[in-house]
Amino acid sequence: MKVGDLKPDAESGQEVTPVVSLRHVRKVYTSPVRSGGHGGPKVALQDITFDVARGEFACVVGPSGAGKTTLLRTLAGLAQPTSGEALFEGAPLRSVPPGIGVVFQDYGRSLYPWLTVARNVDLPLRVRRVPRAERAQRVAEVLGSVGLADAGRSYPWQLSGGMQQRVAIARSLAYRPDLLLMDEPFASVDAQTRFELEDLILRIRQEFGVTVVFVTHDIDEAVYLADRVVAISKSPGVVTEIVDITLGRPRDQITTKADQAFAHYREHLLGLVMNR
Amino acid sequence: MTGPARAELSSSLEHLLAGYAIASVVGIGIGALLWSLRYLRDATSPYLYFLYVLPAPVLVPAALTLFGIGFTMKVVLIAFAALWPTLLNTLDGMRGVDQVKLDTSRVLGVSPLGSVFRVVLPAAAPQIVAGLRNSLQVAIILMVVSEWEASTDGIGYYIVNAQQSFDYVGMWSGIIVLAIIGTVANLLFVIAENRVLHWHYGARAAEGTR
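Only a predicted model underlies this, so the values are computations on that prediction, with no experimental measurement involved.

Peer 1: Even after reading the chapter, I still don't get the overall build of chain B, so can you show me in this structure?
Peer 2: For chain B, the helix and strand inventory stands at ten helices and zero strands. From first element to last, N terminus to C terminus, chain B shows the α and β order α-α-α-α-α-α-α-α-α-α. With the C-alpha coordinates aligned to their principal axes, the bounding extent of chain B is approximately 70 × 45 × 20 Å. In chain B, which comprises 210 residues, the proportion classed as buried is 38%. Partitioning the intrachain contacts of chain B with sequence separation of at least 6 by distance along the chain shows that 78% fall at a separation of at least 24.

Peer 1: How do you make sense of helix α9 (residues 168-196) of chain B when you look at a structure like this?
Peer 2: Given 3.6 residues per turn, any residue in an α-helix points the same way as the ones three and four places further on. An ideal rise of 1.5 Å per residue puts 42 Å on 29 residues; α9 of chain B measures up with 42 Å between its terminal C-alpha atoms. Within α9 of chain B the residues assigned to the buried category are S173, G174, V177 and L178 of chain B.

Peer 1: Sorry if this is basic, but what is going on with the confidence of the model for chain A here?
Peer 2: Reading predicted coordinates in detail is not appropriate for stretches of low pLDDT. Put simply, chain A has an average pLDDT of 89, and 91% of its residues get 70 or more. Of the regions scoring below 50 in pLDDT, residues 1-5 of chain A engages in seven contacts with residues more than four places distant in sequence or in other chains.

Peer 1: Which parts of the structure should I look at to understand the interface of chain A and chain B?
Peer 2: Frequently, the measure chosen for interface size is the accessible area removed from exposure when the parts meet. On the chain B side, the residues contacting the 20 residues of chain A number 18 residues. Elements with a contribution of two residues or more to the side of chain A that touches chain B: β8 (100-103), α2 (107-110) and α3 (117-127) of chain A. The element best represented in the side of chain A that touches chain B is α3 of chain A, accounting for three residues. Its residues placed into classes, the side of chain A that touches chain B shows 15 nonpolar, two polar and three charged.

Peer 1: Is there a simple way to explain the sheet that holds strand β7 (residues 91-92) of chain A in this structure?
Peer 2: Across a sheet, paired strands are connected by hydrogen bonds in the backbone, their directions being either parallel or antiparallel. Residues and elements named next belong to chain A. Reading across the sheet, the four strands line up as β4-β3-β6-β7 and stay open at both edges, with antiparallel pairing between neighbours. Each edge of the sheet is formed by a strand with only one pairing partner; in this case those strands are β4 (40-52) and β7. Strand direction decides the pairing type here: strand β6 (residues 83-88) and β7, joined by two bridges, are antiparallel. Along β7, the bridge assignment pairs F88 with A91.

Peer 1: Quick question: what am I supposed to make of the confidence of the model for chain B here?
Peer 2: All names here are of chain B. Looking at chain B, pLDDT values average 89 and 96% of them are 70 or higher. Ranking the helices and strands of chain B by mean pLDDT puts helix α6 (residues 99-108) first, with 95, and helix α1 (residues 3-7) last, with 68. Our summary of model confidence lists the complex with pTM equal to 0.87 and ipTM equal to 0.87.

Peer 1: Looking at this structure, how should I read the nonpolar core?
Peer 2: Across soluble globular proteins, you tend to see nonpolar side chains buried next to one another. All names here are of chain B. Core analysis: the biggest nonpolar cluster contains 131 residues, and I78 and A139 have the highest contact counts within it. When residues in this core are grouped by element, the largest group, 15 residues, is from helix α7 (residues 112-145). Setting aside residues no more than four positions away along its own chain, A139 makes contact with L16, G19, Y20, A23, I78 and A82.

Peer 1: Teacher, can you tell me more about the environment of V120 of chain B here?
Peer 2: Residues and elements named next belong to chain B. Relative to the helices and strands, V120 resides in helix α7. Along the sequence, V120 and K101 sit 19 residues apart, while their C-alpha atoms lie 8.4 Å from each other. The contact partners of V120, leaving out residues within four places of it in the chain, are M94, V97 and S115.

Peer 1: Would you take a moment to explain helix α8 (residues 155-164) of chain B for this structure?
Peer 2: Of all ten residues in α8 of chain B, seven are buried; the element is thus mostly enclosed. Just past α8 of chain B, the residue F166 of chain B takes up positive phi, approximately 60 degrees.

Peer 1: Sorry, what's going on with unusual backbone geometry here?
Peer 2: Across the chain, the bulk of peptide bonds are trans and the bulk of non-glycine residues have phi less than zero. Of note, the amide linkage connecting R249 of chain A to P250 of chain A takes the cis form, showing an omega dihedral of -5 degrees. Looking at where P250 of chain A falls in the secondary structure, it is placed in the loop between β12 (239-244) and α8 (255-258). One non-glycine residue with positive phi stands out, namely R176 of chain A, at about 50 degrees. Its place among the elements puts R176 of chain A in the loop between α5 (161-173) and β9 (179-183). You can call R176 of chain A partly exposed: it has 13 C-beta atoms within 10 Å. At F166 of chain B, a residue that is not glycine, the phi angle is positive and equals roughly 60 degrees.

Thresholds applied
Residues numbered from 1 in each chain as written. Chains lettered and ligands numbered in written order. Predicted model: local features only at pLDDT ≥ 70, side-chain atom pairs only at ≥ 80, totals over all residues. Helix = DSSP H or I, 4+ residues; strand = E, 2+ residues; numbered from the N terminus. Buried ≥ 20, exposed ≤ 12 C-beta atoms within 10 Å, placed from the backbone. Contact = placed C-beta atoms within 7 Å. Expected span 1.5 Å × (residues − 1). pLDDT = per-residue confidence, 0-100. Nonpolar A, V, L, I, M, F, W, Y, C, P; charged D, E, K, R; others polar. Pairing = 2+ DSSP bridges. Core = buried A, V, L, I, M, F, W, Y, C linked by C-beta atoms within 7 Å.

Here it is in structure tokens:
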């Protein structure tokens with residue numbers, strides 16, 4: 001079966017369109033020529049091809065500079081591929097479709113400091129003209145799901161880093177997107193908080209049934225979270241391998257990571273990313 | 001001692017309020033417009049900076065010619081001079097808004113026009129307010145200066161008139177009243193600013209402790 005084909009749905013056996021479909025996506029930036037002659041086109045992504053099925057948790061790993069953020073922006077519709085196809089629910093991405101949520105790495109810059117937590121989370125609902133009573137309920141619900149039921153009245157900058165990222169996650173889930181894109185979301189928090197947030201996002205995936213594409217440079221995190229890991233390389237920016245992670249669910253920070261299989265996946269992927 | 005000086009206050013303050021209000025609204029409005037229309041911005045940019053650095057008191061004779069003496073001349077002069085700091089700071093502030101905030105806005109489904117009001121202007125607010133403060137200072141100066149030539153009332157007129165009549169006590173009392181106006185105006189501004197930008201100062205303070 002080629003990547004890009006319709007896959008038979010696990011339950012019904014019927015063929016379903018993948019949520020995300022990338023085919024030979026290439027992204028080139030032209031930077032202005034600087035004196036000293038180091039300008040010219042920069043190839044961020046050379047040839048990226050993979051699919052993500054509905055409900056799947058896919059992690060994207062790769063070395064720094066491999067174009068992971070460019071890839072995520074392309075998936076979000078924030079950037080257009082130079083050539084190749086990027087499809088969301090079977091349709092080409094021309095701009096940001098309403099069914100996508102994005103959690104950026106830098107929550108400090110993404111959350112709006114002039115709004116309280118509740119109003120931040122509420123914003124996408126206001127824009128969609130959801131009536132006030134329903135908005136209040138959905139905000140309360142989603143804040144509860146991320147463990148911030150009492151934080152509504154605070155401002156984001158009054159909260160810790162981990163809590164702020166939870167707010168960002170809540171905000172992206174408020175309008176029930178089909179696809180959640182996360183760009184190294186836990187890179188800016190401490191290790192302990194990172195484990196909590198990893199488990200949180202797994203619970204969220206269960207609870208909301210959302211498809212997740214999670215970009216990270218942390219191999220352990222990728223193996224721990226994913227159903228499949230997509231490894232991309234730098235120069236050229238291509239998919240080197242897609243690894244199925246068959247560790248059982250639910251995952252556990254201690255027992256899953258103590259599993260032999262975990263170590264094997266880790267070793268394999270680390271080798272790919274570090275080019276050995 | 002300051003009695004006669006204070007009596008002249010009300011007309012001056014009227015001019016100040018009217019001129020400053022116009023400058024603020026027009027400054028922010030045009031700044032925002034120029035931000036959205038890149039072609040217009042590129043075309044007019046050099047002229048804006050030229051007018052910004054032009055010392056507005058230089059325009060008093062021109063204003064007299066165009067508008068004669070009276071309310072209109074003073075308000076137009078004050079507004080024209082006070083416009084530029086607000087306009088340019090609005091433009092700069094909006095241009096400097098973090099791309100992550102704009103990307104977030106697109107992803108959340110905010111329309112381009114909606115994001116101007118919901119994201120760009122709030123994010124630019126600290127800089128816009130800095131511009132407004134600058135504009136206030138310019139407006140006060142022009143309030144006084146506009147009354148030096150061919151005026152019949154106002155605190156500026158009172159000071160010049162006192163000086164020319166050798167009424168130095170009167171002159172100094174006028175200056176003191178002016179200083180008080182400036183202080184009170186700034187105080188009111190700071191109070192308003194702290195309310196409107198409380199989130200900004202809070203966020204900055206929080207950053208400092210991380």
